[in-house]
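# A look at the structure
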Amino acid sequence: MACAALLVPAVGTAQRTGVARDYPIYKNGGKPDIVIDPQRFKAQMEIVDRYFEPTDCAIPEQAVGGAGYRRLLRFDTVLMNRGDGDLVVGDRSDPNNPYADYFVFHSCHGHYHINNFSIYELVNQQGNVVVAGTKQGFCFEDSFKYEDGGKSNGYDCHNNGITSGWGDWYYKQLVGQWIDITGVPAGQYTVRVRLNTGEDTPIFDEGENRYSNVAETIVNIPDPRKKVTIIN
């Protein structure tokens, strides 16, 4: 069970054409350049109160701090590929995959995750990280095409990747597509998302990497005692 309150600021539904103009595909030596769709990131942001059973997969995956009611700041993340080459990940179950060291099988959900691909952080006005959550990328695929994209090369949850000019959509209802803000005081904060982090070096080679792997937006979080609408 969960409840929701829209956050401020809010923007209209993301227009893929406008985003494509802001992040044109460029010659990147046949390599991808992964960047967050900023319109969808901001437009879909909301706070929900959700109940988690002790057996919920979100707990062993450390997506929430514990069982019971948790307050979550959740949002969509769309990974746009704006380089002139595809992001090619391949079959995560293949032990010979060049990225195999990053793949971890999670028995609760029954699929592989890619560790340390993205980090979600809540930062206070002093610049300190208040809460950090890791969203393990688990299925890179072609979700939809931007206006300058060509034909999809058919990437899906078996053969992972993102075609140049396409986007991979992680919608806010997915497990871990949030920051657990339970107990966070009311106030103004920055929501920050970092992509392709790895532990010491980026996981995927993005060539020139012209577009930033970091997206940020400022939000106002209400008092933790303030109720929000419950969602089943």
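Before going into details, it helps to say that this report is about the structure given with it. Counting restarts for each chain: residues are numbered from 1 in the order of the written sequence. At least 70 in pLDDT is required for a residue's local features to be given in this predicted model, at least 80 for side-chain atom pairs to be given and counted, and no such filter applies to totals for whole chains, interfaces and linings, which use all residues. Values reported for side chains reflect all heavy atoms of the structure, with hydrogen atoms and water molecules removed beforehand.

Each disulfide consists of a covalent bond between the sulfur atoms of two cysteine residues. Two cysteine sulfurs form what is called a disulfide whenever their separation falls within 2.5 Å. Under the definition given, this model contains two disulfides. Between C139 and C157 runs a disulfide, and the two sulfur atoms are separated by 1.7 Å. On the sign convention where negative is left-handed, the bridge of C139 and C157, at about -120 degrees about the S-S bond, is left-handed. Taken together, the residues span a long stretch of sequence, with C139 in the loop between β9 (129–137) and β10 (144–145) and C157 in the loop between β10 and β11 (160–162) at a distance of 18 residues. Taking relative accessible area as the criterion, C139 reaches 4% and is therefore assigned buried. Described in terms of the sequence order of its bonded cysteines, the disulfide pattern of the protein chain is 1-2, 3-4. A run of H or I in DSSP counts as a helix once it spans at least four residues, and a run of E counts as a strand once it spans at least two, with each numbered from the N terminus. Working definition: with a 1.4 Å probe on protein chains only, accessible area under 20% of the residue-type maximum means buried, over 50% means exposed, and in between means partly exposed.

A few words on the sheet that holds strand β2 (residues 34–36). Any two strands with at least two DSSP-identified bridges between them are counted as paired. The strand order across the open sheet built from four strands is β2-β5-β12-β10, with neighbouring strands paired in antiparallel fashion. Every other strand in the sheet has two partners, leaving β2 and β10 as the edge strands with one partner each. When β10 meets strand β12 (residues 166–170), the two strands line up antiparallel, connected through two bridges. Within β12, the residue paired with F144 across the bridge is G167.

With that out of the way, let us pick up the nonpolar core. Nonpolar core, defined: a set of buried Ala, Val, Leu, Ile, Met, Phe, Trp, Tyr and Cys residues in which side-chain atoms within 4.5 Å join the residues together. If you look at the biggest cluster of nonpolar residues, it comprises 36 residues, and the most contacted ones within it are L73, F75, L122, F140, V191, F204 and I221. Put simply, the parts of the chain that give this core at least two residues each are β2, β6 (87–90), β8 (111–123), β12, β14 (187–195) and β15 (214–221). Any two residues whose heavy atoms approach within 4.5 Å are treated as being in contact. Excluding anything up to four places from it in sequence, V191 contacts F41, M45, L73, F75, E121, L122, I179, A215, E216, T217 and V219. Membership of the second largest hydrophobic core comes to nine residues, among which are V19, M80, F144 and Y146.

Another aspect to go through is the pairing of strand β4 (residues 68–74). With six of seven residues buried, β4 lies mostly within the body of the structure. As paired strands, strand β3 (residues 46–52) and β4 are joined by seven bridges and run antiparallel to one another. Within the sheet, the bridge partner assigned to Y51 lies in β4 and is Y69. Relative to strand β13 (residues 178–180), β4 is paired through three bridges, and the arrangement is antiparallel. Residue pairing across strands places L73 opposite I179, the latter belonging to β13.

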